[in-house]
4 protein chains.
Amino acid sequence: MPIKEGDIALLIIYSKKGRPKKFLIKIERKKVLHTHKGAIDIGSLIGKDWGIVTKTAKGTPVEVHRPTLADIVEKLGRSTQIIYPKDSGFILLKSGIKPGDKVVEIGTGSGALTLVLATFLGPEGKIYSYDIREKSLKMAERNLSMLGLSNVELRLKDAKEGIDESDLDAVFMDIPDPWELLPLIYPKLKPNGIFISFVPSCEQISKVALAAKETGFSLIEIHEILDREFECNEKRTRPYPRMIGHTGFIIIGRKIKSSS
Amino acid sequence: MPIKEGDIALLIIYSKKGRPKKFLIKIERKKVLHTHKGAIDIGSLIGKDWGIVTKTAKGTPVEVHRPTLADIVEKLGRSTQIIYPKDSGFILLKSGIKPGDKVVEIGTGSGALTLVLATFLGPEGKIYSYDIREKSLKMAERNLSMLGLSNVELRLKDAKEGIDESDLDAVFMDIPDPWELLPLIYPKLKPNGIFISFVPSCEQISKVALAAKETGFSLIEIHEILDREFECNEKRTRPYPRMIGHTGFIIIGRKIKSSS
Amino acid sequence: MPIKEGDIALLIIYSKKGRPKKFLIKIERKKVLHTHKGAIDIGSLIGKDWGIVTKTAKGTPVEVHRPTLADIVEKLGRSTQIIYPKDSGFILLKSGIKPGDKVVEIGTGSGALTLVLATFLGPEGKIYSYDIREKSLKMAERNLSMLGLSNVELRLKDAKEGIDESDLDAVFMDIPDPWELLPLIYPKLKPNGIFISFVPSCEQISKVALAAKETGFSLIEIHEILDREFECNEKRTRPYPRMIGHTGFIIIGRKIKSSS
Amino acid sequence: MPIKEGDIALLIIYSKKGRPKKFLIKIERKKVLHTHKGAIDIGSLIGKDWGIVTKTAKGTPVEVHRPTLADIVEKLGRSTQIIYPKDSGFILLKSGIKPGDKVVEIGTGSGALTLVLATFLGPEGKIYSYDIREKSLKMAERNLSMLGLSNVELRLKDAKEGIDESDLDAVFMDIPDPWELLPLIYPKLKPNGIFISFVPSCEQISKVALAAKETGFSLIEIHEILDREFECNEKRTRPYPRMIGHTGFIIIGRKIKSSS
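The rules behind the values
Residues numbered from 1 in each chain as written. Chains lettered and ligands numbered in written order. Predicted model: local features only at pLDDT ≥ 70, side-chain atom pairs only at ≥ 80, totals over all residues. Helix = DSSP H or I, 4+ residues; strand = E, 2+ residues; numbered from the N terminus. Buried ≥ 20, exposed ≤ 12 C-beta atoms within 10 Å, placed from the backbone. Contact = placed C-beta atoms within 7 Å. Nonpolar A, V, L, I, M, F, W, Y, C, P; charged D, E, K, R; others polar. Pairing = 2+ DSSP bridges. Domains from an automatic or database assignment. Least-squares fit on C-alpha atoms with pLDDT ≥ 70 in both. Axes fitted to C-alpha atoms, helices over the stretch in contact; angles between N-to-C directions. Parallel < 35°, antiparallel > 145°, perpendicular 65-115°, else oblique. Left-handed = near helix turned anticlockwise from the far one by under 90°.

1. Brief notes about the environment of D:Leu117
Residue and element names in this part refer to chain D.
Stage number 1. Here Leu 117 is to be found in helix H3 (residues 112-121).
Stage number 2. A count of 26 C-beta atoms within 10 Å places Leu 117 in the buried class.
Stage number 3. Placed 29 residues apart in sequence, Leu 117 and Ser 88 show a C-alpha to C-alpha distance of 8.7 Å.
Stage number 4. With residues near it in sequence (within four places) discarded, Leu 117 still touches Val 103, Glu 105 and Ile 127.

2. Digging into the interface of chain D and chain C
Stage number 1. Chain D puts 57 residues into the contact, and the matching count from chain C is 57 residues.
Stage number 2. Here the element with the most residues in the side of chain D that touches chain C is strand E12 (residues 217-232) of chain D; it accounts for 13 residues.
Stage number 3. Across the side of chain D that touches chain C, the residue classes tally to 26 nonpolar, 16 polar and 15 charged.
Stage number 4. In the sheet, strand E12 (residues 217-232) of chain C pairs with E12(D) via nine bridges, with the strands oriented antiparallel. Bridging across to E12(D), C:Arg228 finds its partner in D:Glu224.

3. A closer look at the domain arrangement of chain A
How big an interface is tends to be expressed through the accessible area that disappears when the partners come together.
Stage number 1. As assigned here, chain A comprises domain 1 (8-65) and domain 2 (70-255).
Stage number 2. Taken over C-alpha atoms, the centre of domain 1 of chain A sits 32 Å from the centre of domain 2 of chain A.

4. Some thoughts on the pairing of strand E6 (residues 61-65) of chain C
Residues and elements named next belong to chain C.
Stage number 1. Summarising burial for E6: four of the five residues are buried, a large majority.
Stage number 2. Direction of pairing for strand E1 (residues 8-14) relative to E6: antiparallel, over a ladder of three bridges. In the strand pairing of E6, Ile 12 is matched with Glu 63.
Stage number 3. Judged from the three bridges that link them, strand E5 (residues 52-55) and E6 form a sheet pairing that is antiparallel. Bridging across to E6, Lys 55 finds its partner in Pro 61.
Stage number 4. What sits between the antiparallel neighbours E5 and E6 is a turn of five residues, in which Gly 59 has the positive phi angle 95°.

5. Section: the relation of the copies chain D and chain C
Stage number 1. Least-squares fitting of chain D to chain C yields an RMSD of 0.0 Å, with the superposition described by an axial translation of 0.0 Å and a rotation of 180°. This pairing of chains is accounted for by a two-fold axis. For chain D, the residue whose C-alpha comes nearest the rotation axis is D:Gly89, separated from it by 2.0 Å.
Stage number 2. When you check the interface residues of chain D against chain C, 100% turn up at the interface there too, and the contact is symmetric in its surfaces.

6. Describing the pairing of strand E12 (residues 217-232) of chain A
Residues and elements named next belong to chain A.
Stage number 1. As defined by bridge partners, E12 adjoins strand E15 (residues 249-255) across five bridges and the pair is classed as antiparallel. Residue pairing in the sheet places Phe 217 in a bridge with Lys 255 of E15.
Stage number 2. Two successive antiparallel strands, E12 and strand E13 (residues 237-239), enclose a turn made up of four residues.

7. What about the packing of helix H2 (residues 85-94) of chain A against helix H3 (residues 112-121) of chain A?
All names here are of chain A.
Stage number 1. Taken N-terminus to C-terminus, the directions of H2 and H3 make an angle of 45°; their axes are 10 Å apart at the nearest point. Taken together, H2 and H3 sit at an angle that is classed as oblique. The crossing of H2 and H3 is right-handed. Together, Ser 88, Ile 91 and Leu 92 of H2 and Ala 112, Leu 113, Val 116 and Phe 120 of H3 make up the contact between the two elements.
Stage number 2. When the residues that make up the contact of H2 with H3 are grouped by side-chain class, the tally is six nonpolar, one polar and no charged.

In structure tokens:
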């Protein structure tokens with residue numbers, strides 16, 4: 001399907017050193033993007049194929065990519081704290097969820113994980129995402145509509161005051177004190193439902209893990225995912241000298257119930 | 001939904017030290033599982049809730065979990081070389097695919113990545129998975145049918161002799177010489193389609209990355225994902241003393257086409 | 001200097017897969033080492049050069065190496081918990097010590113760090129090493145005398161009951177509760193003297209770091225050192241699939257004193 | 001020993017967020033250091049104890065530390081490419097050298113490893129350090145004299161044209177093509193002498209390792225050392241979000257000689 005009005009495009013201009021400068025932009029008929037390498041006529045892209053190389057007014061090549069989920073999430077990460085693809089991909093797989101499932105997210109943030117969950121749960125799935133900051137929900141809403149995802153319900157509410165949904169397949173938490181919510185979450189999960197919590201500090205690990213055990217969760221796992229990116233050119237291959245050294249720890253637990 | 005005949009269950013018996021011993025088993029009416037801690041009447045679980053704790057004949061508690069995709073993949077990893085959740089979750093997110101897409105996998109192996117792709121592409125999606133080893137395809141078939149996934153077509157064929165499908169959203173390769181296939185893959189991908197290659201050795205990185213550039217792929221990225229697992233109990237929290245130090249490198253490229 | 005009686009040798013026999021099997025052995029005139037590949041006449045090595053390749057009675061090649069400090073430390077690590085070269089090399093450099101300095105070690109253990117400190121402090125330097133386990137001190141003594149190091153005084157004493165030495169350049173701690181000792185150590189250090197503590201768990205990090213700050217230490221640093229080992233042969237280069245995922249955290253602080 | 005003229009001091013001013021701003025400075029009688037927080041009268045420190053806290057003219061506290069080897073090396077790392085303490089500590093331990101040994105270094109660079117070797121080899125030891133860049137040798141000379149180390153001989157010479165010394169305990173290489181030098185180094189090493197090479201790229205690993213094997217080196221090891229630094233305050237403990245992701249790979253081999 002060629003590029004059409006309303007699509008989001010990822011435009012790339014390479015620096016002299018070969019580093020990609022990325023622009024995430026909505027395709028609109030009369031839009032012009034002004035860059036340091038000259039103007040790009042955005043409207044003229046409509047009807048063209050994805051993956052073409054166009055040019056700025058000054059003749060600099062511009063690659064026109066269809067952004068992946070990871071591109072959009074990484075772009076969000078420039079301005080706010082987000083859950084990165086290295087973490088959200090792992091969270092998705094460990095959560096046990098599949099298309100059509102029903103989940104709750106506590107701590108929408110900028111919606112980076114929300115986008116991932118919404119994409120893979122599909123139109124039959126449902127996400128209820130809680131945040132106490134109106135600003136966060138607004139940003140998440142914008143990002144969701146940009147991707148045409150309509151299976152998310154955003155709730156401006158402190159989850160500590162109650163979670164309205166029940167029979168949940170999984171609950172995701174990106175909040176400072178997830179251990180306080182575990183007793184509230186437990187009855188809202190389906191039998192054997194899963195919670196996943198993302199926390200930045202060492203102190204939070206044991207608070208979550210021990211509270212989870214006490215609440216009635218089992219198979220508790222704690223993971224930290226690291227992503228080493230490499231550079232490779234004709235001359236050499238090596239890990240980049242600088243890397244993201246830490247984002248957070250992922251804690252997972254599964255609801256059990258003693259037989260009586 | 002309670003446990004029913006034909007389901008796959010993950011049974012857990014804890015060691016004295018609290019380590020989970022895991023059994024992945026199909027629920028059948030007259031089945032008995034013999035363990036070092038006594039027999040488990042599998043048939044009696046039918047109709048019970050997931051997440052209950054039952055007992056062996058000797059009285060040892062047994063947790064009955066509904067296995068996640070990650071559980072099944074990790075179990076496969078005991079007997080064959082697989083793509084682990086830390087890698088397949090990241091691959092999924094970076095591949096740009098979404099439910100309903102059409103992809104090719106070259107190197108089915110035991111089907112660990114196939115399961116992940118098939119789950120998240122959903123019933124509208126389609127995976128064509130090539131392998132030259134009949135044994136691999138048999139194992140993959142067994143695993144797919146165990147999970148009730150029917151959107152995968154397995155092909156006993158050397159992809160070097162030709163890929164039958166076209167207009168692909170993405171191609172995944174877990175083979176020793178992916179660089180040889182890139183020119184074949186390029187025309188089979190949609191405009192801006194993505195290839196992802198998983199290779200174990202340093203030498204393979206630059207072979208893939210440089211061939212990809214030459215073939216007409218752009219935004220080439222190379223990643224290595226590490227998973228540190230932590231133990232946590234009342235006494236202490238720490239990374240496990242032993243870890244999986246290396247599985248493979250993930251190389252990604254996106255098809256571009258110069259405008260003429 | 002050729003091999004002489006009383007030297008320690010590192011003998012290597014390679015497996016079919018090329019993996020080195022290592023034997024650390026004292027050179028004695030009438031000694032014979034029996035291996036799975038045949039007997040080695042140890043006495044016959046006297047007078048030969050280091051680095052030669054001799055043969056077992058069955059004709060298998062045996063390399064004769066002069067062991068490095070790292071070899072000896074790693075060998076210790078097979079039987080007891082030790083501070084590995086990746087950690088002790090870093091500790092040495094961050095401790096600010098140099099040949100001739102005077103230091104205290106609390107928690108001798110098997111003496112792995114003691115050997116490193118004793119080697120680099122040289123004959124003019126002095127180490128006082130405390131442990132409450134007689135067994136540890138015996139093992140450390142054996143290891144020190146094996147290496148001919150005579151600048152260490154071993155003390156069978158709980159350091160909590162008092163450190164006898166003062167005017168110390170540095171203090172090293174490998175004990176479960178180093179934070180309790182910091183107030184005792186502070187007055188025993190020279191102005192601007194350094195303490196280094198090695199702890200395995202996350203909980204211990206902040207206990208040490210915060211107590212250090214309170215006691216009057218500054219420039220507190222916390223490090224974790226990871227060692228990835230690679231295999232390399234004609235076919236490929238890659239990190240080993242298994243690695244040591246965690247040994248401990250290194251915490252460093254420097255004594256300061258407010259001017260009055 | 002109190003602070004005296006000619007000493008090097010490490011002055012620390014903390015930012016509002018508690019981050020240390022570091023100044024490495026030579027103590028001179030009439031010197032004044034101008035900082036963003038006011039002037040520091042350097043001469044007035046003479047005769048004072050190390051580890052005191054003085055004040056700028058504006059009243060901001062300034063800690064006065066005696067710099068460790070690691071401080072000096074890290075400071076060098078700000079302006080040029082260096083071998084960091086995480087690497088040089090490990091290199092030192094794996095090299096098998098001890099005080100009094102004689103070694104050659106090829107690729108002096110800014111002298112970061114030279115300083116480490118010179119410190120631990122002690123006055124009885126000897127380092128011959130080769131570089132083809134006069135600028136590097138000048139910087140190394142300055143750093144060595146700053147630390148009062150006189151056991152290093154700097155050679156402005158391409159080691160490929162010949163190494164003048166022999167009977168060496170170890171050879172260290174930080175140059176782009178160390179494999180070319182291995183045949184030259186082999187005869188200059190003592191029986192069982194050790195070479196250590198530090199290289200940044202993946203391609204170099206196998207070139208060095210395979211050439212070493214061919215030349216007559218054994219027990220070849222390849223390591224990559226990673227240093228994760230943690231932050232810790234009253235609120236939380238966690239790895240720093242940014243880390244140095246890569247410096248280089250360390251390759252080690254030991255000279256052997258087949259018995260004839």
